[in-house]
Amino acid sequence: MGDLNIDVNSFEAAKPKKRRNDSLGEAMEVDRSGIQGRARNRPPKSKRPKTQCFSETKDDMRKIPVPAHRYSPLKDHWLQIFTPVVEHLQLQIRFNLKTRNVEIKTCSNTKDIANLQKAADFVKAFVYGFEVEDALALLRLDDLFVETFEIKDVKTLKGDHQSRAIGRLAGKGGRTKFTIENVTKTRIVLADSKIHILGSFQNIQLARRAICNLILGSPPSKVYGQLRSIASRVSERM
């Protein structure tokens, strides 16, 4: 092949293409003489500050759910519950009809934040079934607790076997339960298959051991003997 002589100067520079948007923008012109937009000269609306309602805070509030069978006792003893919580502990308390909860909250007059937990334990003990006078001991003394467990935690029982276990715990006319309470200096509530014990840590352990032996099938007379020996040892230490 021979050499080709190409004159570079004979080429013309490519003309820049017009953008389609420019041609469309020139062709489409809208007559805005009859439409006038409103200028937003007003400042944007500031958001309304949220006011904290009674049930918004979590750190300074406790909620205790109330089962249906405790509505009437709560209504009858409300003044006895309301008075120590408000006057002595300097807290706010109310019963929420919508959520069926007793709500306890701190206020500006509350001196100690620990009073909030004391009041919650007091109301919870009453909801469990303890008398108001017994539950008030939780406010007066610091070394009292409430322990809750179920029969199935000790032994899996169903039907008539569970009913007989509850009968052994209660005894004839509640004799067995009262005996365990008097010897161990505790208070016991039998709520179907749940058992609630109110007392000091050591006394709760004694009462629970006796209750577990009854659930496992020990006769009450044997449990009474064990309780007497334990009570004599505790009295000697004291």
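Being a predicted model, the structure only gives us computed values, none of them experimental.

**With respect to the pairing of strand β3 (residues 101–105)**
With five of five residues buried, β3 lies mostly within the body of the structure. Residues Asn101, Glu103 and Lys105 point to one face of β3 and Val102 and Ile104 to the other, with burial holding for every one of them. By the bridge criterion, five bridges tie strand β1 (residues 61–65) to β3 in an arrangement that is antiparallel. Paired with Arg62 across the bridge in β3 is Ile104. As paired strands, strand β2 (residues 92–96) and β3 are joined by five bridges and run antiparallel to one another. Bridge pairing in β3 links Phe95 to Val102.

**Structural notes on the sheet that holds strand β6 (residues 194–199)**
Strand order in the open sheet formed by three strands is β4-β6-β5, with antiparallel pairing between adjacent strands. The two strands at the open ends of the sheet, each matched to only one other strand, are β4 (145–150) and β5 (187–191). Taking the axes of each pair of neighbouring strands and ignoring which way they run, one obtains an average angle of 15° across the sheet. With six bridges joining them, β4 and β6 adopt antiparallel strand pairing. The residue bridging Glu147 from the neighbouring strand is Ile197, located in β6.

**What to know about the pattern of salt bridges**
Summed over all chains, the structure comprises six salt bridges. Asp142 is the salt-bridge partner of Lys118, the closest N and O atoms lying 3.2 Å from each other. With Lys118 in helix α4 (residues 114–128) and Asp142 in the loop between α6 (137–140) and β4, the pair connects residues that are 24 residues apart, well separated along the chain. The exposure class of Lys118 is partly exposed, given its relative accessible area of 25%.

So, how was this worked out
Here the residue numbers are simple positions, counted from 1 along each chain's written sequence. Given that this is a predicted model, residues contribute local features only at a pLDDT of at least 70 and side-chain atom pairs are listed and counted only at 80 or more, while totals for whole chains, interfaces and linings are drawn from all residues. Here the side-chain values reflect all heavy atoms present in the structure, with hydrogen atoms and water set aside. Only protein chains enter the accessibility calculation, which uses a 1.4 Å probe; a residue is then buried when its area is under 20% of its type maximum, exposed when over 50%, and partly exposed in between. Runs of E in the DSSP output that reach at least two residues are strands. Runs of H or I that reach at least four are helices, and both are numbered from the N terminus. One requirement defines pairing of two strands: DSSP has to find at least two bridges between them. Each axis is a line fitted through C-alpha atoms, taken for helices only over the stretch in contact, and angles between the N-to-C directions span 0 to 180 degrees. The term salt bridge refers to a pairing of a side-chain nitrogen on Lys or Arg with a carboxyl oxygen on Asp or Glu at a separation within 4 Å.

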